[in-house]
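If you want the building blocks of each chain, they are given just below.
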Amino acid sequence: MGKPIIGILSSRSDIPIPGGQIISIEYANIAYCQAVVRAGGTPILLPVMSEQDLAEQMFSLCDGMLFPGGVDVDPRFYGEAPDPMIGTIDSNMDRFWLYALQFAQARRLPVLGICRGMQLVNVGLGGSLYQDLARRGVPSYLHSQKQNRDYLMHEVQIQPGSRLGALLGEEPVYTNTIHHQCVKAVGKGLKLVAQTGDGVPEALESEDGQIMLVQWHPEALLEAEPRMRRLFEDLIHRCKGEKQ
């Protein structure tokens, strides 16, 4: 096959433009696109669609999917009322992303989820989230850094024998951290394969190798921690049916 096509789920926002008007945009951080290109893939943006036939037409172009970072997941999708500490949510966007996950599962498309993407996929597989780290009931490290996104902020311990360990090595690795929520109950078919010293889940993966999920932002660390390139290379290899 040629270069695998990686569908990147878009986020939505309203932004002001000159003249005082407001427009709605669909977007993805360019760092995700660049990471896919550097790994040998072709990125395409998947804008939010309410029409399932149009969504499926877009999804059918993809050899794999990247679920990126973004706003909080609406807690209605894991059976909770909104906590006062929750951030911005967009339930229509959540529904589109969840439908993309269903499509990926049905077609056996490889998935890489990052930050919100990890949380959304976990919810889509029946898991749940802490709506804020303060709700864990135990002290947490700083998980929403003020430094630039390429700053290596905290250490993550990786489970020996995991796919993630085979990719990054089983020694602890330093990552960035840009989140205020985290996984509570792990979704069906997923297993916890990395966490910080305070017990916050930092990576999940599926037993069958289809899904890899990380809480940090590897797309911002391609130079600061070159091992992070392997997560995107692994996605491309999985799309080609190759083993790392």
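Structure: above.
The following paragraphs examine the structure supplied in this document. (Residues numbered from 1 in each chain as written. Predicted model: local features only at pLDDT ≥ 70, side-chain atom pairs only at ≥ 80, totals over all residues. Heavy atoms only, no water.)

### Thoughts on unusual backbone geometry
Next up, step 1: Phi angles above zero are rare outside glycine, and Arg-108 is one such case at about 60°.
Next up, step 2: With respect to the helices, strands and loops of the structure, Arg-108 is situated in the loop between helix H3 (91-107) and strand S6 (111-114).
Next up, step 3: Taking the relative accessible area as the measure of exposure, Arg-108 reaches 46% and is therefore partly exposed.
Next up, step 4: Phi at Cys-115 takes a positive value of approximately 55°, unusual for a residue other than glycine.
Next up, step 5: Structurally, the position occupied by Cys-115 is in the loop between S6 and helix H4 (116-124).
Next up, step 6: For Cys-115, a relative accessible area of 6% gives the class buried. (Helix = DSSP H or I, 4+ residues; strand = E, 2+ residues; numbered from the N terminus. Buried < 20%, exposed > 50% of the residue type's maximum accessible area, 1.4 Å probe, protein only.)

### Things to note about the packing of aromatic side chains
Next up, step 1: Tallying each qualifying case throughout the model produces four aromatic pairs.
Next up, step 2: Ring centres of Phe-67 and Trp-97 lie 6.0 Å apart, and the angle between their planes is 80°; on these two criteria the pair is classed as edge-to-face. One end of the pair, Phe-67, is in strand S5 (residues 64-67); the other, Trp-97, is in helix H3, and 30 residues separate them in sequence.
Next up, step 3: Residue Trp-97 is classed as buried on the basis of its relative accessible area of 0%.
Next up, step 4: Counting every residue linked through ring pairs, the aromatic cluster contains Phe-59, Phe-96, Tyr-99 and Phe-103.
Next up, step 5: The side chain of Arg-116 reaches across the aromatic face of Trp-97, ending 4.0 Å from its centre.
Next up, step 6: It is Lys-184 that lies over the ring of Tyr-130; its NZ or CZ is 5.3 Å from the centre. (Phe/Tyr/Trp six-rings, centres within 6.5 Å; stacked < 30°, edge-to-face > 60°. Lys NZ or Arg CZ within 6 Å of the ring centre and 35° of its normal.)

### A closer look at the pairing of strand S1 (residues 5-9)
Residues in a regular strand project their side chains so that they alternate between the two faces of the sheet.
Next up, step 1: Burial runs high along S1: four of the five residues are buried.
Next up, step 2: Inspection of the sheet shows S1 paired to S5 by three bridges, in the parallel sense. Along S5, the bridge assignment pairs Ile-8 with Leu-66. (Pairing = 2+ DSSP bridges.)

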